[in-house]
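Report on the structure
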Amino acid sequence: MDKFEKVDGVAAPLPILNIDTDMIIPKQFLKTIKRTGLGVNLFDEMRYTKDGAEIPEFVLNQPAYRNAQILVAGDNFGCGSSREHAPWALADFGIKVIISTSFADIFYNNCFKNGILPIALPQADVDKLMEDAERGANATVSVDLVSQEIHGPDGGVIKFEVDAFRKHCLLEGLDDVGLTLQKEASINAFEEKLAVSQPWA
Amino acid sequence: MTAPRTIYDKIWDAHVVDQQEDGTCLLYIDRHLVHEVTSPQAFEGLRMSGRTVRAPKRTLCVADHNVPTEGRARGIENPESRLQVETLEANAKEFGVEYLEMLDIRQGVVHIVGPEQGFTLPGTTIVCGDSHTSTHGAFGSLAHGIGTSEVEHVLSTQTLIQSKAKNMLIQVDGELPDHVTAKDIILAIIGKIGTAGGTGYVMEYAGEAIRSLSIEGRMTVCNMSIEGGARAGLIAPDEKTFEYFKGRPRSPKGADWDKAVAYWRTLPSDEGAHYDKIIKLDASDLPPLVTWGTSPENVISIEGNVPDPKDITDAAKKAAVERSLAYMGLEANTPMTEIKIDRAFIGSCTNGRIEDIREVAKLVKGRKVSDHVSAMVVPGSGLVKAQAEEEGLDKILIEAGFDWREPGCSMCLAMNDDKLKDGERCASTSNRNFEGRQGRGGRTHLVSPEMAAAAAIAGHFVDVRDFD
Ligand code: SF4
């Protein structure tokens, strides 16, 4: 996984509540056996007509937002299915940061495994960033993971929280499996104990 | 003496392999269910890093999302779906994991198969690359959905990196009225707390109404915990639970059985255990519920009307309601019972069990599906199908004009050929009414099996309590 430090980019506004993973990547694209190539189908049913033509009003189809790296969205982003295809599609499109008032649990986890930083902020801060985002390409936003700060286009600074372990993994681009395998002795010991106390489990 | 603990605390404590200073834990995973959609990239990851499946016996694979529900013996026509299912089979073989193939009678929706086989057991931790893994909480197991990277992590380490969630108690007292079901309980809860209401929590369901539910009903409740945003749902195991597992293929046997039951009896939450949040609900005044919008929290009594955005002051919520109504093709203030349907879908891991099919058969016996409605019943597993056929339920359903299908996820998410056409309206026993969920432009109303069956017969939603 690539290391994540800082993102300076255009933020796209998606002021919709409860954006679910079926919206982010509809099921017809889940038939793939690969992780890559899903970016073109990100938000497919909102982004294209049935015949595959772009819907010009959709935010990511607008010239100002075609290269957006940050999404500012309504509450409860990523609810629904556990499909990791959702963060794969976002990452493949180029999204590195998602800002909302809250995230669904599994989606939130999945983001970190794919180098995406989800940031939960109070409503007032999200409202401010939503306004900034609506100004398009002239208003870039900068997200610094090391200092846990978002710098808006007008110089405003918003602090954000992130779990220390997850921050460390993102900054270093660490692979969870590799980390866990370092604890193999503990897993072995746990299994030996379990075999005695709950042989059925 | 240790402080009183909830069932979640107990199962959690019993599975911590390692704890870091910041509280992040390595949690041991007893059971891992794998399906074709969220696993290919995980197995690919193992292959690329030269890793293996750590505990093949703790892993069970079954294809359910992509399988056809008609003419299965001919194989899968869609090449992408076929490749995904074949890939699962090949991966299972390569890594030495059991795979229930499509024509095996034990095949079905992964969350129905696990308990049927006794693979799911009380007190265990269970994961699957599927959000409705919360279903297994009905048996007092800590069960939740994970992403594909985590599937790979569990395959190779049999553990998961987790921070502990908070405890929420949902106390449902009172006795359910006739024709009001487990589905209505969980829809009512989601309507009350909202789809983000459970975020950061594990929900424990308790109270008289929950205890009185059958095992199948408890599964329906826990199944939709995820629609309330919770990481998992839990119901303490009791005699009904033990009875359910007795003699299942993978259940403990002999002395192990007695030892297991003794352990399972220690699982219920202790008196005085701490909950971070408590929600109360009275089941005795619940009506049958229907969703009107594109979020599972958009619930309303069958006696109610489509809400009017004019009555909503919060701008974001108003916009959400307007968007939902436009998508659903509904006018504000329309009585729910005047809404006509085109399709009815009975099935899924929410309501695809034998009990659901029995209820539907009882209701439709001697009646006919309305002329303009196409209705289907998709059993949750091959075993459910066989049981229903043994009881002659298939005949009753076919006689009434329902399609009787082969088991799988089917139109719950429409990855196979079973989908709604643009603009079609469906009474569905599944769990999600999101835009496009059952087919692009399709309009889903979530209901109980009896309500779906009654709507199929009447041609529009009806109050099943007055359905004669
Ligand atoms: S039946 Fe529906 S909710 Fe259940 S596992 Fe299949 S697709 Fe998911």
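Look up: the structure comes first, before these words.
Note that the coordinates shown come from a computational prediction; the quantities given were computed from them, not determined experimentally. (Residues numbered from 1 in each chain as written. Chains lettered and ligands numbered in written order. Predicted model: local features only at pLDDT ≥ 70, side-chain atom pairs only at ≥ 80, totals over all residues. Heavy atoms only, no water.)

**Remarks on the overall build of chain A**
What counts here: Helix and strand labels come from DSSP, where a helix needs a run of H or I of at least four residues and a strand needs a run of E of at least two; each type is numbered from the N terminus. Using a 1.4 Å probe on the protein chains alone, a residue whose accessible area is under 20% of its type maximum counts as buried, one over 50% counts as exposed, and one in between counts as partly exposed. By the convention used here, residues are in contact when the closest approach between their heavy atoms is within 4.5 Å. Here the open area of atoms and residues is found with the Shrake-Rupley method and a 1.4 Å probe, where only the protein chains shown may cover a residue. Residues counted as positive are Lys and Arg, residues counted as negative are Asp and Glu, and His and the chain ends are not counted. Lysine's charge is taken at NZ, arginine's at CZ, aspartate's at CG and glutamate's at CD.
Helix and strand counts for chain A stand at 8 helices and 7 strands. Put simply, chain A has 201 residues, and 58% of those count as buried. Across chain A, every contact between residues at least 6 apart in sequence was considered, and the portion connecting residues at least 24 apart equals 64%. As presented, chain A carries roughly 8100 Å² of accessible surface, and 51% of it is formed by carbon and sulfur atoms. Of note, chain A has its 19 positive side-chain charges centred 3 Å away from the centre of its 30 negative side-chain charges.

**What to know about the sheet that holds strand E3 (residues 31-34) of chain B**
Residue and element names in this part refer to chain B. In plain terms, the rule: Two strands are said to pair when DSSP picks up at least two bridges between them. Angles run from 0 to 180 degrees between N-to-C directions of axes, and those axes are lines fitted to C-alpha atoms, restricted for helices to the stretch in contact.
Pairing in this open sheet of 5 strands is parallel, and the strands run E5-E4-E3-E6-E7 from one edge to the other. Every interior strand has two partners, whereas the edge strands, strand E5 (98-100) and strand E7 (142-145), have only one. On average, each strand axis in the sheet is inclined to that of its neighbour by 20°, with strand direction left out of account. Note: strand E6 (residues 125-128) against E7, 4 bridges, orientation parallel. The residue bridging threonine 125 from the neighbouring strand is leucine 142, located in E7.

**Remarks on the interface of chain B and chain A**
Our working definition: In this description, buried area is defined as the sum, over both parts, of the accessible area (probe of 1.4 Å) that is lost when the two are combined. By convention in these notes, a salt bridge is any Lys or Arg side-chain nitrogen within 4 Å of a carboxyl oxygen on Asp or Glu.
Listed as interface residues are 72 residues of chain B and, on the opposing side, 59 residues of chain A. Where chain B abuts chain A, roughly 5400 Å² becomes buried across the two surfaces, and 54% of that area is made up of carbon and sulfur atoms. By the criterion of area lost to chain A, the three top residues of chain B are Gln41(B), Arg54(B) and Arg440(B), representing 14% of everything that side buries. Summed over the shared surface of chain B and chain A, the result is 8 salt bridges. Glu191(A) is paired through a salt bridge with Arg54(B); the nearest N and O atoms lie 2.8 Å apart.

**Let's talk about the packing of aromatic side chains**
Residues and elements named next belong to chain B. Condition: Ring pairs shown here join Phe, Tyr and Trp side chains whose ring centres sit within 6.5 Å, with only the six-membered ring taken for Trp; geometry is labelled stacked below 30 degrees between planes, edge-to-face above 60, and tilted in between.
For the coordinates displayed, the defined rule picks out 15 aromatic pairs over all chains. Look at tyrosine 244 and phenylalanine 245: their rings are 5.1 Å apart centre to centre, the planes differ by 90°, and that puts the pair in the edge-to-face class. By relative accessible area, which is 15% here, tyrosine 244 ends up buried. One aromatic cluster is present, formed by Phe139, Phe242, Tyr244, Phe245, Trp257 and Trp264 through successive ring pairs.

**Notes on the pairing of strand E4 (residues 59-62) of chain B**
Residues and elements named next belong to chain B. Condition: Classification remark: right-handed applies to a crossover when, strands pointing away from the viewer, the course from the first strand over the helix to the second runs clockwise.
Burial of E4 is two-sided: the residues Thr59 and Cys61 facing one way and the residues Leu60 and Val62 facing the other way are all buried. Where E3 meets E4, 3 bridges bridge the pair, whose relative direction is parallel. For histidine 32, the partnering residue across the bridge sits in E4 and is threonine 59. Once the chain exits E3 it traverses helix H2 (residues 40-49) before rejoining the sheet at E4, and the crossover so formed is right-handed. Alignment of E4 against E5, held across 3 bridges, turns out to be parallel. Following the sheet pairing, leucine 60 is matched in E5 by glutamate 98. Crossover connection from E4 via helix H3 (residues 79-95) to parallel E5: handedness right-handed.

**Here we look at the sheet that holds strand E9 (residues 166-173) of chain B**
Residue and element names in this part refer to chain B. Taken together, 4 strands build an open sheet; the order of strands is E11-E10-E9-E12 and the sheet is parallel. Single-partner strands in this sheet number two, and they are strand E11 (232-234) and strand E12 (277-282). Sheet twist, expressed as the mean angle between neighbouring strand axes with direction ignored, is 20°. Here 6 bridges tie E9 to strand E10 (residues 201-206), and the two strands are oriented parallel to one another. Among the inter-strand pairings, asparagine 167 is bridged to a residue of E10, identified as valine 202.

**Remarks on the site of the ligand**
Definition in use: The cutoff for a nearby residue is simple: one of its non-hydrogen atoms must lie within 4 Å of the molecule or strand. Gly is put with the polar residues, along with every residue not named as nonpolar or charged; the nonpolar set is Ala, Val, Leu, Ile, Met, Phe, Trp, Tyr, Cys and Pro, and the charged set is Asp, Glu, Lys and Arg.
Around the ligand sit His65(B), Val109(B), His111(B), Asp130(B), His132(B), Ser348(B), Cys349(B), Cys409(B), Cys412(B), Leu413(B), Asn431(B) and Arg437(B), and those are all the residues in its vicinity. For the shell around the ligand, the residue count by class is 5 nonpolar, 5 polar and 2 charged.

**A look at the side chain of Ser100(A)**
Residue and element names in this part refer to chain A. Mapped onto the fold, serine 100 is located in strand E3 (residues 97-100). When its relative accessible area of 0% is taken as the criterion, serine 100 is described as buried. Beyond its immediate chain neighbours, meaning those up to four positions away, serine 100 contacts Ala73, Gly74, Asp75, Asn76, Phe77, Ile119, Ala120, Leu121 and Val126.

**Concerning the pattern of salt bridges**
For the coordinates displayed, the defined rule picks out 41 salt bridges over all chains. Two residues, Arg51(B) and Asp175(A), come together in a salt bridge whose shortest N-O distance is 3.6 Å. Residue Arg51(B) is located in the loop between H2 and E4, and its partner Asp175(A) is located in the loop between helix H6 (164-172) and helix H7 (176-181); the two belong to separate chains. With relative accessibility at 43%, the residue Asp175(A) sits in the partly exposed group. Each of Lys128(A), Asp132(A), Arg135(A) and Asp154(A) takes part in a single network of salt bridges with overlapping partners.

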